[in-house]
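Descriptive structure summary
If you want the building blocks of each chain, they are given just below.
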Amino acid sequence: QQQVKQSPQSLIVQKGGIPIINCAYENTAFDYFPWYQQFPGKGPALLIAIRPDVSEKKEGRFTISFNKSAKQFSLHIMDSQPGDSATYFCAASNSNDYKLSFGAGTTVTVRA
Amino acid sequence: DAGVTQSPTHLIKTRGQQVTLRCSPKSGHDTVSWYQQALGQGPQFIFQYYEEEERQRGNFPDRFSGHQYPNYSSELNVNALLLGDSALYLCASSLAGFGVPSYTFGSGTRLTVV
């Protein structure tokens, strides 16, 4: 079964808008939560990641919010640009494991 | 600095055939993981190779097998292909000791089974 649930499946925003993607997990052993960006014909590329000891992390225009008690985390893309149009995946892992569990992905379209 | 290289980029196979996909890890990486990404879905873990041994396996049948060579490159073999095996196959290399946070993905091999 899918260990990380991601929503929405797709979203469209205008340039400058703030797309928000949400993920939820059940496995409390997860302690590493990355977000990947994937363009058509390419593999996923690490965008930003967070550990459960912090509630928010910012890197450039990308922000992760993390709610440990709710077992939820989200990605915000500030001042979105057409070049941000891509598929975004949340994922989770734990330190004793060697694999990532991915969400189903969100296709973001930023209109100029 | 060369990243992860996968070959071929695309291939078409007939149901029942066998296929071999190849991966060269990023320079300095010693671990290779394979993922299957069906259309419109997130990648699913197949298995990971380290020190030429399969270290962990996901929920895939034994039609899926692999190998890692002393130079850390890896192969994914799929026997008795089914239509449902059509997917993008991704290789991720990493460095043992740093684990998942050091993952670097290749661009994948698009397999179509007809």
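Quick note: structure is the one above.
An account of the accompanying structure is given in this report.

Parameters at a glance
Along every chain, residues carry numbers that run from 1 in the direction the sequence is written. As a convention, the first chain written is A and the first ligand written is 1, with the rest following in written order. With pLDDT at 70 or above as the cut-off, local features in this predicted model cover only qualifying residues; side-chain atom pairs require 80 or more to be listed or tallied, and sums for whole chains, interfaces and linings still use all residues. Water and hydrogen atoms were dropped before computing side-chain values, which therefore reflect all heavy atoms in the structure. Between any two strands, at least two bridges found by DSSP are needed for them to pair. Helix and strand definitions here come from DSSP, where helices need a minimum of 4 consecutive H or I residues and strands a minimum of 2 consecutive E residues; each element is numbered from the N-terminal end. A fitted line through C-alpha atoms represents every axis, and for helices the fit uses only the stretch in contact; the resulting angles, taken between N-to-C directions, go from 0 to 180 degrees. Here, the term nonpolar core denotes a set of buried Ala, Val, Leu, Ile, Met, Phe, Trp, Tyr and Cys residues that are joined through side-chain atoms within 4.5 Å. Burial here depends on accessible area, computed with a 1.4 Å probe over protein chains only, as a share of the maximum for the residue type. Under 20% is buried, over 50% is exposed, and the range in between is partly exposed. Here, residues are in contact when the closest pair of their heavy atoms is within 4.5 Å. In this description, the term disulfide denotes a pair of cysteine sulfurs within 2.5 Å. We define buried area as the total accessible area lost by two parts upon association, computed with a 1.4 Å probe and summed across both. Any carboxyl oxygen of Asp or Glu that lies within 4 Å of a side-chain nitrogen of Lys or Arg is treated as forming a salt bridge with it. The definition of a polar contact used here is a pair of N or O atoms within 3.5 Å, where within protein one atom must be able to donate a hydrogen and the other to accept one, and adjacent residues in sequence count solely through side-chain atom pairs. Side-chain classes are defined by residue name, with Ala, Val, Leu, Ile, Met, Phe, Trp, Tyr, Cys and Pro counting as nonpolar, Asp, Glu, Lys and Arg as charged, and the others, Gly among them, as polar.

Time to look at the sheet that holds strand S7 (residues 64-68) of chain B. Residues and elements named next belong to chain B. Overall, antiparallel pairing links the four strands, which are arranged S1-S3-S8-S7 in an open sheet. At either margin of the open sheet sits one strand with a lone partner, and together these are strand S1 (5-7) and S7. Averaged over all adjacent pairs, the angle separating strand axes in this sheet is 20°, with direction ignored. Sheet analysis places S7 next to strand S8 (residues 74-78), joined by five bridges and oriented antiparallel. Bridge pairing in S8 links glutamine 68 to serine 74.

Attention now moves to the nonpolar core. By size, the foremost hydrophobic cluster in this structure holds 24 residues, and its most contacted members are A:Val4, A:Ile21, A:Phe33, A:Trp35, A:Phe73, A:Leu75 and A:Tyr88. Only strand S2 (10-14), strand S3 (20-25), strand S4 (33-38), strand S5 (45-50), strand S7 (62-67), strand S8 (72-77), strand S9 (86-92) and strand S11 (106-111) of chain A provide two or more residues apiece to this core. The leading source of residues in this core is S9(A), at four residues. The contact partners of A:Tyr88, leaving out residues within four places of it in the chain, are A:Gln6, A:Ile21, A:Tyr36, A:Gln37, A:Leu47, A:Phe62, A:Leu75, A:Ile77, A:Gly105, A:Thr106 and A:Val108. The next biggest cluster of nonpolar side chains, apart from the first, holds 20 residues, and it includes B:Val19, B:Cys23, B:Trp34 and B:Tyr89.

This part covers the state of the cysteines. Residues and elements named next belong to chain B. Taken as a whole and assessed by the stated rule, the structure comprises two disulfides over all chains. Linked covalently through their sulfurs, cysteine 23 and cysteine 91 form a disulfide whose S-S length is 1.8 Å. Between cysteine 23 and cysteine 91, the disulfide has an S-S torsion of -55° and is therefore left-handed. With cysteine 23 in strand S3 (residues 19-24) and cysteine 91 in strand S9 (residues 87-94), this pair connects stretches of sequence that are 68 residues apart. Overall, cysteine 23 belongs to the buried group, its relative accessible area being 2%. We classify cysteine 91 as buried; its relative accessible area is 0%.

Our focus in this paragraph is the interface of chain A and chain B. On the side of chain B, 18 residues touch chain A, which itself brings 18 residues to the contact. Each partner contributes to the roughly 1,500 Å² buried at the junction of chain A and chain B, and carbon and sulfur atoms together form 57% of this total. The interface formed by chain A and chain B includes zero salt bridges. Applying the counting rule to chain A against chain B returns six residue pairs in polar contact (both at pLDDT 80 or more). Residue composition of the side of chain A that touches chain B, by class: nine nonpolar, five polar and four charged.

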